[in-house]
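Residue-level listing of the chains:
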Amino acid sequence: MNSITGIPTSWVGPLRVSGEAVAAAGTHTEVAVPLATYETPLWPSVGRGASISREIEGGIRTVIVDERMTRSVLFVAESAIGAEAAAQAIRHREPELSDLVASGSAHARLLEIHPEIVGNLLFVRFAFRTNDASGHNMVTQASDTLMERILSWNLGLDYGSVSGNYCSDKKATAVNGILGRGRNVVAEIVLPHEIVQRRLRSSAEKMAELVIRKNLVGSTVAGALRSANAHYANMLLAFYLATGQDAANIVEGSQGITYAENRAEGLYFSTTLPHLIVGTVGNGKDLPHVDEALERLGCRDDREPGANSRRLAALMAATVLCGELSLLAAQTNPGELMATHIEMERREDGEPA
């Protein structure tokens, strides 16, 4: 018997956000965002960043760098020489494979083929455009079809698996950041020194220094994999759960880099999330509370294919920036993090502390 697990949810903000995924050129929008979490101090923490964004002309600027979904299939050859010959043949016949995908799907389009050989094993990483879907099932179905066609060419290959882990799905790997998987989004903001002092009780110098020492050096010492941030996973999980996403994708989604600079005009602060796996259609999106959330976020509009998911990804990146900014600011001052956390637990309405 199926049932629903309730998770406390609050609409935080609104955030002021700009960028072509969310607003017309030269304009901005203000959007409240839903965060479903048991860690309720997250609401006022993100709320502080959101309220600060409304003090800045243009607010948080966002840009979608790339978007794709991948599946890596596995073939088994007799030898490495045979695997390399097969890889060359697959590359040469890529147009045929692209046509095959387009003829079998209304949305999936083959973007790229990237073979990798290990001994007699041939991994072939397919990258697809999946429009508004996150695309897990779409790319698996397309990859099944592509494998069947490739095996019919009699290249000396046997079936290995429709997923060879070179995708890489729900695992912290380097390949997703290098070759791309999901939506690659950057959010950034420039805060005047006066706002950093008044709202964050910090300085641009302290913030930039902490980002280097904690996020970059500390993460390197810890052995982080293409990741240097304070707590992306907190904001992403809360946003994923509220909008019907596959929550396990925060494993790769939370790999990202926070970067800051102390500039003459103030604090430059950015969050880069190279592989957000999100969608506005597909499994879970028809649930009433999810449908309502996506509607309220403006991700149910009749736009060009893929535009709703790009908007959702941009809003997620902006939300991550709000939470990252707030937490790091607290950590620039001795004792503030714990004191603020206790205070926030008594104030759970999503408004800034």
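As shown above, the structure is provided for reference.
Attention here is on the structure that accompanies the text.

Rules and cut-offs
- Residues numbered from 1 in each chain as written.
- Predicted model: local features only at pLDDT ≥ 70, side-chain atom pairs only at ≥ 80, totals over all residues.
- Heavy atoms only, no water.
- Salt bridge = Lys/Arg side-chain N within 4 Å of Asp/Glu carboxyl O.
- Helix = DSSP H or I, 4+ residues; strand = E, 2+ residues; numbered from the N terminus.
- Buried < 20%, exposed > 50% of the residue type's maximum accessible area, 1.4 Å probe, protein only.
- Arc of directions from axis to C-beta.
- Contact = heavy atoms within 4.5 Å.
- Patch = residues over 30% accessible without salt bridge, like charges linked within 9 Å, V, L, I, M, F, W, Y side chains within 5 Å.
- Areas by Shrake-Rupley, 256 points an atom, 1.4 Å probe, with all protein chains shown as cover.

1. Focus on the pattern of salt bridges
Taken as a whole, this structure holds 20 salt bridges when the rule is applied. Here R198 ties to E194 by a salt bridge, and the two come within 2.4 Å at their closest N and O atoms. Here the residue R198 and the residue E194 both occupy positions in helix α6 (residues 193-200), the gap between them amounting to 4 residues, near one helical turn. Residue R198 is classed as partly exposed on the basis of its relative accessible area, which comes to 42%. With a relative accessible area of 44%, E194 lands in the partly exposed category. Each of the salt bridges in this network shares a partner with another, and the network as a whole consists of E55, E194, R198 and R199.

2. Some words on helix α3 (residues 94-104)
Among the residues of α3, L97, L100 and V101 are the ones counted as buried. Angular distribution of buried residues about the axis of α3 spans 95°; they occupy a single face of the element. Residues P95, D99 and S103 are exposed on α3 and point more than 90 degrees away from its buried face. Looking at the buried residues of α3, the elements they touch are α2 (80-92), β4 (109-118), β5 (121-129) and α4 (136-152).

3. Re a nonpolar patch on the surface
Together, I212, V217 and V221 make up an exposed nonpolar region whose accessible area comes to about 290 Å². Mapped onto the secondary structure, V221 falls in helix α7 (residues 204-222). Residue V221 is classed as exposed on the basis of its relative accessible area of 72%.

4. Observations concerning unusual backbone geometry
A cis amide bond, omega 15°, links G13 with the succeeding residue P14. Relative to the helices and strands, P14 resides in strand β1 (residues 9-18). A cis amide bond links C167 to the next residue, S168, at an omega of 0°. Within the secondary structure, S168 sits in the loop between β6 (158-161) and α5 (175-179). Despite not being glycine, K170 has its phi angle at roughly 60°, a positive value. On the secondary structure map, K170 appears in the loop between β6 and α5. Overall, the relative accessible area of 30% leaves K170 in the partly exposed class.

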